[in-house]
Amino acid sequence: MRKGKRFAGWVLSAVLALTFSLTACSDSGGSSQSQTNGAGGKEEPVKLKFSFWGDTIEKKTVTEALKRFEEKTGIEVEPMHVPADYLTKLTTMVAGNVAPDLGYLSSGAALSWGADGKLLNLAPLIEKDPDFKKEDYLDQVWYEIAPGNVIGMSTAVEGYGLMYNKDLLLEAGVELPPTEAAKAWDWDTFVEYAKKLTLDDQGRNALDPDFNPEKIRQFGLQYDPYNMMAAVVSNGGNFLTEDGKGFGLARPEAIEAIQKLADLMYVHHVSPTPLQTKNLPDTALQTKKVAMTVSGNWALQAFAEQDFNLGVGVLPKLKESNTLLDGAPTVIFQSTKHPEEAWLLYKYMADPESVLPLIEGGLWMPLKKEWYTNPELINKWAAGNKAHPEGYTEAYMKQTIENGIRTPGFEVKNLDKINALVTPALDLVWTGKTTAEQALKEVEPKVQPLIQGYYGR
Amino acid sequence: MLFVILPMITSLLLSFTDYRIVNTPKFIGFENYTRLFDGTDQYFYNSLWVTFKYVILRVPLGLVFSFIIAFVLNMDFIRGKSVFRTIFYLPSIVPAVASSMIWIWLFSPDLGLFNSFLGALNLPTLDWLYAEETVVPSIVMMSLWGMGSTIIIFLAGLQGVPRSLYEAAIVDGAGALRKFRHITIPMMTPIIFFNLIMGSIGAFQVFTEALIMTQGGPNNASLFYNYYIYRQAFQFGEMGQASAIAWILFMIILLVTVIFFRTSKSWVFYESEV
Amino acid sequence: MSRKRRISQWTVYLILILGACFCLLPLFWLVRSSMMSSLQIFEMPPKWIPSPFHLENYVEALTTIDFFRFFRNTLTITVSCLIGALISSSLGAYSYARLDWPGKKFFFGLLLASMMLPGAVTLIPTFIGWRLAELINTYVPLILPVWFGSAFDIFLLRQFYSSIPRDMDEAAYVDGAGPWTIFSRIIIPLSKPPLIVIGLFSFMNSWNDFMGPLVYLNEESKFTMALGLQMFQSLHSAQWHLLMAASTVVILPVIVVFFIGQRYFIEGITLTGMKG
């Protein structure tokens with residue numbers, strides 16, 4: 001019996017090793033030569049493959065940026081825009097040993113592939129490069145597997161704030177949301193105003209004793225549960241505990257924040273439930289279905305094309321005024337034959353100047369600190385255009401750079417699997433079936449064994 | 001065949017390994033299987049149960065439904081057959097992005113057509129896709145609507161029933177019902193059998209609806225088996241584990257198919273074997 | 001015609017028309033959304049008729065992506081697959097239904113079994129196979145497998161062949177016909193409806209296939225329409241009006257092909273009717 005098992009194991013390993021080494025070998029061919037500049041020998045032209053996702057605007061901008069890089073450096077770049085199912089495509093390519101040289105990657109895959117050594121450690125390249133200073137870039141954007149193993153930085157900065165239809169607030173006589181952190185609304189003020197802005201089919205607002213929550217015509221705000229971490233961090237909580245050993249969402253400060261979000265839907269009736277959200281269009285602000293919404297800066301790109309009086313403000317605070325900072329990374333794959341050239345391209349794409357249309361259009365925020373402080377640079381993107389309304393520089397830029405807390409995606413190990421347990425548990429909270437306390441305490445023992453701490457510490 | 005068999009064998013081998021795409025597969029015996037059955041994996045039994053529920057509803061309903069439609073569409077007196085056939089096939093042509101938008105609206109608890117209808121009849125409204133109890137039946141409803149291919153196969157089959165048989169039956173004085181029971185049904189058994197097998201294989205692998213409309217929710221109530229495999233493979237990158245999960249499904253489908261084939265001798269009527 | 005009979009016929013019609021309306025709904029929805037602005041699409045309660053009509057959506061949709069190139073690419077793949085599917089499945093099914101050869105049962109089982117394993121876990125091994133053959137970023141992985149027969153098609157045809165009376169080939173056999181003559185003179189003409197069904201399905205499959213092109217094609221110049229449609233949707237936003245317009249254009253040929261294809265069913269009746 002044991003012998004049989006060992007034999008089976010041996011055959012299996014042999015077959016697998018064969019298949020996988022075959023795929024590996026055929027690719028490693030010219031990798032060593034291309035780096036050494038052969039004296040007089042004909043150099044094969046370097047060709048990089050850059051993979052990315054995004055809508056038609058992003059596709060256009062990125063493709064153009066890659067083209068300019070090509071013209072500038074003579075290094076050929078093949079853009080690979082993946083229209084959907086990005087991770088499936090990339091997973092297949094990596095497994096087949098035909099990964100691109102560099103490209104976007106979702107944060108979960110980036111961290112786990114990085115931990116398995118499939119992504120290039122950028123630290124040595126950064127150190128060698130006299131033109132590149134890590135300090136020039138936002139501190140929060142780096143993805144690190146461990147100290148000294150840097151796999152990349154966010155493709156772009158994404159920060160959260162409050163966006164609203166100014167006309168609706170003025171009509172209801174509601175004070176406009178503050179744009180400075182120090183003046184951020186506290187939660188009760190926020191709920192009070194949201195109630196004033198929530199109207200039923202008879203035009204009564206949620207403060208009216210006759211208000212009918214069954215027939216809401218206009219919601220005061222939309223706080224999508226997807227963005228719940230913003231409330232959690234504002235209440236001093238986080239996904240894991242500080243030491244990385246405990247399930248932070250089951251701690252009182254997180255539970256309180258999550259319960260408060262659920263109460264917006266089921267106690268105060270000012271925010272749409274997940275069911276009601278399904279009926280809300282992307283144009284809810286413009287069409288006056290919603291007065292205020294909590295969202296990331298990327299939404300500005302679409303809002304700028306709509307016709308309404310857009311305003312922005314900082315998020316309401318629970319304990320402290322802060323915001324959530326997000327942004328999936330761009331990475332270089334370990335399998336690249338041209339790490340030096342890939343790094344040149346990496347640097348080029350990280351420069352806000354190269355992708356200015358996306359930044360100006362509101363989809364992205366720049367990676368470089370100077371672009372948040374130097375008025376001349378700010379003028380290039382955040383002043384005087386429709387995607388960056390008055391107050392943006394404070395409410396989004398200043399808040400993000402000064403009080404931006406990273407989403408768990410940057411550093412929590414095993415996040416996807418933990419979320420596979422947490423999301424269904426929270427479904428029960430968002431549909432009003434249980435309390436946050438009950439749901440999170442119940443799921444905590446199942447989550448606990450999956451907790452492995454933080455990357456990069 | 002090699003295109004199909006070799007990858008299958010590879011995935012069977014991988015199911016005995018720890019393979020997370022980025023590493024070299026390492027042999028770990030039956031570990032991927034045991035952790036499913038002993039409950040270490042928290043989704044396995046749940047997704048099996050959800051999928052069984054779907055199959056048991058979907059397969060019989062689908063067969064009866066599409067057979068009736070095909071039969072009606074094939075009746076002699078119906079005019080404009082071409083147009084009707086095309087129309088009944090339409091739902092399976094329209095891209096999922098468009099049809100899922102419509103279904104989200106139809107199922108919408110507040111403003112949806114179904115609930116307005118129930119409300120008008122003074123019946124209690126339902127939460128359809130958004131409640132654990134109703135999500136699977138709702139998805140079954142949706143899939144019945146996309147039955148075009150099965151209807152077409154039945155139609156093609158009905159064309160093949162020789163007219164002389166019906167004519168002979170009329171001479172014998174048989175009524176419509178007897179013709180249906182004693183000629184149509186027996187002559188159609190090979191096709192019914194085909195649709196039964198294919199319907200079951202397809203139903204066990206239900207996937208797209210879960211991906212587009214529910215992402216397995218609410219609370220895993222539509223975490224269909226195939227979606228669970230996909231998530232394990234491409235979201236968690238656990239290819240070895242995913243292969244083991246897939247091979248269990250393979251065994252289940254195989255078992256069901258073998259049972260169908262065994263019993264088929266007693267009810268499927270092959271002209272050529274008489 | 002008796003009164004009772006007429007009433008029952010009208011009931012059947014009524015049910016058919018109701019069902020037809022329900023089936024037409026998505027197409028109607030698609031077309032009406034394709035002529036609306038992105039604002040109008042989501043109005044609640046929904047508007048049935050666009051006003052004003054935004055026909056320019058079509059122009060914009062077809063120019064935003066390289067539509068005609070995608071169309072050509074899709075057509076190339078679809079036609080190649082269609083021919084392959086018809087040839088391979090009719091031959092394959094014939095040999096399973098009529099010929100005797102060693103291991104027939106085993107291979108038929110294998111054929112069926114190949115449909116029972118979810119594609120998610122064979123995707124990567126298959127990809128590695130094509131990668132070793134150096135055929136990534138070509139249409140070969142999308143076309144060649146069809147030429148070796150799809151399990152679904154072969155099984156379907158086998159079922160139809162099995163319902164063709166065997167005395168017909170035996171009679172031909174006595175007249176000195178070989179298996180090839182029987183196949184081309186008796187089996188094929190008698191199985192027109194199922195062959196049309198297979199043709200239609202094959203057309204539909206490759207026309208709408210999304211995963212295959214996504215995984216195997218890298219260069220945009222080789223993309224198909226199914227991939228092109230995805231470009232209107234992204235993580236944070238979707239250009240619904242353009243997506244709907246492009247989708248309408250994509251499914252139009254399918255409807256036409258289907259409408260033409262299903263007409264041949266009628267021809268099938270007379271043929272089988274005569275011989276039976």
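What counts and how
Along each chain, residue indices are assigned from 1 in the same order as the chain's sequence is written. Each chain gets a letter, beginning with A, and each ligand a number, beginning with 1, in the order they are written. Note on the predicted model: pLDDT of at least 70 is required for a residue's local features to be given, and 80 or more for side-chain atom pairs to be given and counted; whole-chain, interface and lining totals, by contrast, use all residues. Numbered from the N terminus, helices here are DSSP runs of H or I no shorter than four residues, and strands are runs of E no shorter than two. To sort residues by burial, count the other C-beta atoms lying within 10 Å of each one's C-beta; a count of 20 or more means buried, 12 or fewer means exposed, and anything in between means partly exposed. C-beta atoms are built from the backbone. Our contact criterion uses C-beta atoms placed from the backbone: two residues qualify when those atoms are within 7 Å. Note on pairing: DSSP must find at least two bridges between two strands before they are called paired. Axis angles are defined between N-to-C directions and span 0 to 180 degrees, where every axis is a line fitted to C-alpha atoms and, for a helix, only to the segment in contact. Residue ranges assigned to the domains are those given by an automatic or database domain assignment. Only Asp, Glu, Lys and Arg are considered charged, only Ala, Val, Leu, Ile, Met, Phe, Trp, Tyr, Cys and Pro nonpolar, and every remaining residue, Gly among them, polar. The nonpolar core is taken to be a set of buried Ala, Val, Leu, Ile, Met, Phe, Trp, Tyr and Cys residues joined by way of C-beta atoms within 7 Å. In these notes the angle categories are as follows: under 35 degrees is roughly parallel, over 145 is roughly antiparallel, 65 to 115 is roughly perpendicular, and the rest is oblique. In this scheme the crossing of two helices becomes right-handed for a clockwise turn of the near helix relative to the far one and left-handed for an anticlockwise turn of less than a right angle. The quantity called pLDDT is the predictor's confidence in a given residue, expressed from 0 to 100.

A. Region of interest: the overall build of chain B. Counting its regular elements, chain B contains 13 helices and two strands. Taken across its 274 residues, chain B has 49% of its residues classed as buried. Long-range pairs, those at least 24 residues apart, make up 66% of the contacts in chain B between residues at least 6 apart in sequence.

B. Region of the structure containing the sheet that holds strand β4 (residues 142-146) of chain A. Residue and element names in this part refer to chain A. Ordered in space as β2-β1-β3-β12-β5-β4, the six strands form an open sheet in which the pairing is mixed. The strands lining the two open edges of the sheet, one partner per strand, are β2 (76-81) and β4. Each adjacent strand pair in this sheet contributes to an overall mean axis angle of 25°, direction not counted. Pairing of strand β5 (residues 149-154) with strand β12 (residues 329-332) involves three bridges; the strand directions are antiparallel.

C. View of the domain arrangement of chain A. All names here are of chain A. Splitting chain A by domain gives domain 1 (45-157 + 327-350) and domain 2 (158-326 + 392-450). One C-alpha centre belongs to domain 1, the other to domain 2; they are set 32 Å apart. Taken residue by residue, the interface counts eight residues in domain 1 and 12 residues in domain 2. Across the side of domain 1 that touches domain 2, the residue classes tally to four nonpolar, four polar and no charged.

D. Region of interest: unusual backbone geometry. A cis amide bond, omega 0°, links C:Ser51 with the succeeding residue C:Pro52. Within the secondary structure layout, C:Pro52 lies in the loop between α2 (38-41) and α3 (56-64). The phi angle at B:Ile21 is positive, at roughly 70°, despite the residue not being glycine. Structurally, B:Ile21 can be placed in the loop between β1 (17-18) and β2 (26-27). With 22 C-beta atoms packed within 10 Å, B:Ile21 lands in the buried category.

E. Summary view of the interface of chain C and chain B. Contact with chain C, which involves 63 residues of that partner, is made by 64 residues of chain B. Among the elements of the structure, α1 (3-34), α5 (104-113), α6 (119-132), α8 (151-162), α11 (192-208) and α14 (240-275) of chain C are those that each provide at least two residues to the side of chain C that touches chain B. Per-element tally for the side of chain C that touches chain B: the top contributor is α14(C), with 15 residues. Counted by class, the side of chain C that touches chain B contains 46 nonpolar, 15 polar and two charged residues.

F. The nonpolar core, seen in detail. Ranked by size, the top nonpolar core spans 291 residues in total, and within it A:Ile258, A:Ile332, A:Leu345, B:Ile229 and B:Ala246 carry the most contacts. Structurally, this core is a two-domain feature, drawing no fewer than three residues from each of domain 1 (45-157 + 327-350) and domain 2 (158-326 + 392-450) of chain A. Non-local contacts of B:Ala246, meaning those with residues more than four positions away in its chain, are made with B:Ser11, B:Ile229, C:Leu117, C:Pro118, C:Ala120 and C:Val121.

G. Here's a closer look at the pairing of strand β10 (residues 310-313) of chain A. Residue and element names in this part refer to chain A. Here β10 shows two buried faces, one formed by Leu310 and Val312 and the other by Gly311 and Gly313. As paired strands, strand β6 (residues 158-165) and β10 are joined by four bridges and run antiparallel to one another. Note on β10: the bridge partner recorded for Leu162 is Gly313.

H. Local environment of the interface of chain A and chain B. Facing the 30 residues of chain A at the interface are 27 residues of chain B. If you list the elements that add at least two residues to the side of chain A that touches chain B, you get α1 (2-28), α4 (86-95), α5 (107-115), α11 (274-277) and α18 (415-430) of chain A. Tallying contributions element by element places α1(A) first for the side of chain A that touches chain B, with eight residues. Of the residues belonging to the side of chain A that touches chain B, the class tally is 13 nonpolar, nine polar and eight charged.

I. Representation of the packing of helix α13 (residues 239-267) of chain B against α6(C). Where α13(B) meets α6(C), the closest approach of the two axes is 9 Å, and the angle between their N-to-C directions is 130°. In terms of axis orientation, α13(B) runs oblique to α6(C). Along this stretch, α13(B) crosses α6(C), giving a crossing that reads as left-handed. Together, B:Met239, B:Ala242, B:Ser243 and B:Ala246 of α13(B) and C:Ala120, C:Val121 and C:Ile124 of α6(C) make up the contact between the two elements. Residue classes in the contact of α13(B) with α6(C) are distributed as six nonpolar, one polar and no charged.

J. Spatial organisation of the confidence of the model for chain B. Averaged over all residues, the pLDDT of chain B equals 88, while 97% of them reach at least 70. Ranking the helices and strands of chain B by mean pLDDT puts helix α3 (residues 44-73) of chain B first, with 94, and helix α5 (residues 96-107) of chain B last, with 77.

K. Fine view of the environment of B:Tyr45. All names here are of chain B. Mapped onto the elements, Tyr45 comes out in helix α3. Look at Tyr45 and you get exposed, because 12 C-beta atoms sit within 10 Å. A sequence separation of 180 residues divides Tyr45 from Tyr225, and the C-alpha atoms of the two residues are 9.5 Å apart.

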